[in-house]
2 protein chains.
Amino acid sequence: METKYTIGIDYGTDSVRALIVNTQTGEEAGTSVFYYPRWKDGKYCDPARNQFRQHPLDYLEGLEKTIKNALKDVSGEVRRNVVAISVDTTGSTPVAVDKEGVPLALKTGFEENPNAMFILWKDHTAIMEAEEINRISRSWGGEDYTKYEGGVYSSEWFWAKILHVLRTDEEVRNAAFSWVEHCDWIPALLTGDTNPESMKRSRCAAGHKAMWHDDFAGLPSDDFLVKLDPLLSGLKERLFRDTHTCDIKVGDLSPEWAEKLGLSTEVAVGAGAFDAHLGAVGGEIEPYYLSKVMGTSTCDMLIAPQEEVGDNLVSGICGQVDGSILPGMVGLEAGQSAFGDIYAWFADVLMFPVQEIISTFNWLSDEQKERIVKETSDRMIEKLSEEASKVPVEESTIVALDWMNGRRTPDANQELKGAIMGLTLGSDAPRIFRALVEATAFGSKVINDRFISEGVRIDGIIALGGVAKKSPFVMQIVADVLNMPIKVARSEQTCALGSAMAASVVAGVHQDVSAAQKAMGSGFEKEYHPDPDRARIYVRLYEKYKRFGSFAETEAKSVRQ
Amino acid sequence: METKYTIGIDYGTDSVRALIVNTQTGEEAGTSVFYYPRWKDGKYCDPARNQFRQHPLDYLEGLEKTIKNALKDVSGEVRRNVVAISVDTTGSTPVAVDKEGVPLALKTGFEENPNAMFILWKDHTAIMEAEEINRISRSWGGEDYTKYEGGVYSSEWFWAKILHVLRTDEEVRNAAFSWVEHCDWIPALLTGDTNPESMKRSRCAAGHKAMWHDDFAGLPSDDFLVKLDPLLSGLKERLFRDTHTCDIKVGDLSPEWAEKLGLSTEVAVGAGAFDAHLGAVGGEIEPYYLSKVMGTSTCDMLIAPQEEVGDNLVSGICGQVDGSILPGMVGLEAGQSAFGDIYAWFADVLMFPVQEIISTFNWLSDEQKERIVKETSDRMIEKLSEEASKVPVEESTIVALDWMNGRRTPDANQELKGAIMGLTLGSDAPRIFRALVEATAFGSKVINDRFISEGVRIDGIIALGGVAKKSPFVMQIVADVLNMPIKVARSEQTCALGSAMAASVVAGVHQDVSAAQKAMGSGFEKEYHPDPDRARIYVRLYEKYKRFGSFAETEAKSVRQ
């Protein structure tokens, strides 16, 4: 029998990539990436208001181009033996659709309306709605539907976003028949049937972000939703009851897409999932290993057998959902709303003189000025890391809080803000940068502590994502602060690889996802070990971080009152 | 009778200037400035350890050159009618001297020893010694000699610095017969008699910095000093009992200096004083007006009639001394240990990419790179101010603490550090800069509040110094935060002008300093008025600043324990 191949599609924040993987060895047979053109131009976004929207055309064009390009250089044998495609996307990234499941932005009159587009995970326009969900969940007298989502609903999630758009855009409200997550829409589209009422919905999206749970017989009750806002009345019936893990087949490739891509209609399409979750799969997550996707933000996942988690509700995380990561295991999700974004923010602050002063020097040519901006910006974080790594940890007087984008876990609170203390006239940019890196590491440690205090042990750490791969400086500090070794997954594309693993189960090549991980996993490229001396110093600084955090949290409350 | 002229000499941190003033009109007849060459080269300093020393040769060369240059272009009539010279300097800036009053650094074997030089006001090497002085003052059972200095002795002051050097440098210890302040040494030098035992010592230096008071019959008792350290035993006898206000004559110009400068030996030399104090005089301080010298740090002075202050001890300021500013009035001094220095610090932080990245671009010429560094640095604060002034105050989420160089007033505490809170991913450099400026304004408001809560009213604010003259952006925020109008003195050289005013009294041209102020004062160039709307918003932000400050203070204590 010929070797079978699967395609993993990974929709990230800025780009989508396709990866063709040998299901026996995990070898990559082809790959391609596509940057969303409208997104790259900053369209439909308003960072000052934290509005981030993506046009469905960015996704559609990327889907076709990446798969076709990835297939371009493979042999006929490989192409013939592609047996399944699975998809992961960011989330919660919902969109309003019509009765046929067409995103409204693809329809006449809505092409340029941001509310008719996908509402990207990091969009925070629905802060007020999230607050209402939290208030009503605790006070309405019925079930607290946030209980499997850590007890705090976020503005980044499904219902808050839907409610915000329904309230603020009458045209979209009238035209929206239902709502779908990005990770549900793409698989449905590939099969040619996007009917929102029968569309196979992702367990991880629904369970972690839409307050779906078997104990609730699905989504929250209509009573609750109407209490939240009568605008939500009846919507539940046009959404879904059941959800599906990533090993479930949605259907076969439609004739239209088979032709478009040059594949057969026998190619299976798997149920979608979130990028971080399939990234954890691709990064060979195993029970009680915390799998950290470390990029602009972090997504931290842990799996444990249902019988061991039992009725234990882990308070303050982003959810615990049966099968959301690995079918058969409870998936627990946590995360930091800003991680690498904090380094990028500081780099941006430091770009001030380059962008505002040097750019006005008329004795430099435009070409020189552009090159200065570009090369300075490109080298900033690397240079800061280099200089910061020379600062002895004993010398650190600066302690920062990593809440520049609010706090996701534990106990989500978007109102929290970042802070820096311990500054002297000798606190230079590398010292401040180091404190910011330490702050993000302390934020990671708080998450570890929460899992442990809630009765979920952590046996090891697996790191994925851009920061994990590219910044030994950051990774060593995280290892020192956590006082645990950290393994870094070898694959450059763990999300797409995880999707390809899931697809191999969907196609029946492997019996389950664990088997696929064993066959297709690419192992670890590096392990960071904590330094005992630095770890000891960080224990003290961590206490300072926590005291500072308590103050800032009390302060944030006093401002709201 | 021909119009008389006086010369005011003003020794600042970086330079010394001489100003020749018409005693009838206040008109400037000549002026000259001299930058200390050794200081400019960074010699004898170690900023990382807060060690700042100045070589007596910097002062000597500057004295001769500035007076000669200022006299160069004046008419023979003006030169002939110079009747007195008075001097102000930074302080507390003491130096170890031999039996003849020669600073040790002028003697063979000590030329390059920083401990044999003047210990500049901002040197903080004596933090431990200041702590001991405070501890023993409170616990030894006798008089609390800090009581007229706000109850907290600072590492920036006379005894702490002397003790630190005596403890750490055996050679200087053995060679030091006595110690003199910079403002005492220069007038003595001009008269040709520097005998430390008979030298006329400045009331403001002694009263504010050396725990001198009439109630103590002079300096602290030998018992106290020996309790502090037996190394201090007997030193008091080689220092002084009496002190002198700025209207007192020290002597006449010595033949040697008269010849050097081309002046007569009939020129009177006045008792010296600190720059800020004579600056307040030059800036036309009047009772219950807070005169703020706003530069790298601030020095805030207020005068009030002795009969009104009475026995009221103002707690937490830098001292209250009869006649220290205006003879006949109690001079009260307070200050912020960093003001403009905080803006300069942030500008330095922002220079990181320019200095560390752009400077490595080999496709730019060395000349281009140097020019980029220089012009960027020159324009930074101006550009930050320009952009920050566009940020509406209502939008401010950031609150900072202005303690990057510790806190001088109220309740001096060098261990405190700066901080910034309320940061988001949208907090750009101008927004942070604005918060830093607001923090320095809040630091000013805390001082006002302390005077008022201690029973000393404030009728108005007079601003002097570089920030007051050059930064309308900062001054408007200070006016808004203080919710008081601020008058800015017109003279570009209020300290030197104040010295010239004092000299006119020393020479008998005017009856007292107030009369000299009336005749020679140059008035005010500008008045900032608070905006009621912004003032209201700042009331709320100020409360936040104070809560943040309480937390940081508690935190600083917990670190020391």
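Residues numbered from 1 in each chain as written. Chains lettered and ligands numbered in written order. Predicted model: local features only at pLDDT ≥ 70, side-chain atom pairs only at ≥ 80, totals over all residues. Heavy atoms only, no water.

Let's talk about the sheet that holds strand E16 (residues 399-401) of chain A
To keep it simple, the criterion reads: The rule for pairing is simple: two strands pair if DSSP sees at least two bridges between them. For helices the rule is a DSSP run of H or I covering at least 4 residues; for strands it is a run of E covering at least 2, with both sets numbered from the N terminus onward. To obtain an axis, a line is fitted to C-alpha atoms, over the contacting stretch when the element is a helix, and the angle between two such axes runs from 0 to 180 degrees between their N-to-C directions. Any pair of residues with heavy atoms lying within 4.5 Å of one another is described as a contacting pair.
Strand order in this open sheet of four strands is E16(A)-E17(A)-E17(B)-E16(B), and the pairing throughout is antiparallel. The strands lining the two open edges of the sheet, one partner per strand, are E16 of chain A together with strand E16 (399-401) of chain B. Sheet twist, expressed as the mean angle between neighbouring strand axes with direction ignored, is 5 degrees. In terms of strand pairing, E16(B) meets strand E17 (residues 418-423) of chain B through three bridges, oriented antiparallel. Note that in E17(B) the partner of B:Leu401 across the bridge is B:Ala419. Across the sheet, helix H16 (residues 429-453) of chain A touches E16 and strand E17 (418-423) of chain A, and the angle it forms with E16(A) is around 55 degrees. Against the sheet, helix H16 (residues 429-453) of chain B makes contact with E16 and E17 of chain B, and its axis sits at roughly 55 degrees relative to E16(B), the strand it touches most.

Section: the interface of chain A and chain B
Let me state the cut-off plainly: Here the quantity called buried area is the accessible surface, traced with a 1.4 Å probe, that two parts lose on coming together, added over both. Take a side-chain nitrogen of Lys or Arg and a carboxyl oxygen of Asp or Glu: if they are within 4 Å of each other, that pair is a salt bridge.
Counting residues at the interface gives 51 residues for chain A, matched by 51 residues for chain B. Carbon and sulfur atoms make up 73% of the area that chain A and chain B hide from each other, which totals about 4,500 Å². For chain A, the biggest contributors to the area lost against chain B are A:Phe352, A:Trp363 and A:Leu425; these three give 16% of the whole. Here chain A and chain B share four salt bridges between them.

Observations concerning the sheet that holds strand E15 (residues 329-336) of chain A
Either a parallel or an antiparallel arrangement is found when strands of a sheet pair, and the pairing is made through backbone hydrogen bonds. Residue and element names in this part refer to chain A. An order of E14-E15-E13-E12-E18-E19-E20 is seen for the seven strands of this open sheet, with the pairing classed as mixed. Sheet topology places strand E14 (320-322) and strand E20 (524-528) at the edges, where each strand pairs with a single neighbour. Here the strands of the sheet are splayed against their neighbours by 25 degrees on average, with no regard to which way each runs. With four bridges joining them, strand E12 (residues 289-294) and strand E13 (residues 298-305) adopt antiparallel strand pairing. Bridged to Val293 within E13 is Cys299. Against the sheet, helix H11 (residues 275-282) touches E12, E13, E15 and strand E18 (460-464), its axis set at about 60 degrees to E13. Against the sheet, H16 makes contact with E12, E13, E15 and E18, and its axis sits at roughly 150 degrees relative to E15, the strand it touches most.

Structural notes on the pairing of E12(A)
All names here are of chain A. We count it as follows: Classification of residues uses two cut-offs on accessible area relative to the type maximum, computed with a 1.4 Å probe and protein chains only: under 20% is buried, over 50% is exposed, and between them is partly exposed.
A large share of E12 lies buried, amounting to six of its six residues. Burial along E12 is two-sided: Tyr289, Ser291 and Val293 facing one way and Leu290, Lys292 and Met294 facing the other are all buried. Pairing geometry for E12 and E18, over five bridges, is parallel. Note that in E18 the partner of Ser291 across the bridge is Ile462. Hairpin connection between E12 and E13: a loop of three residues separates the two successive antiparallel strands.

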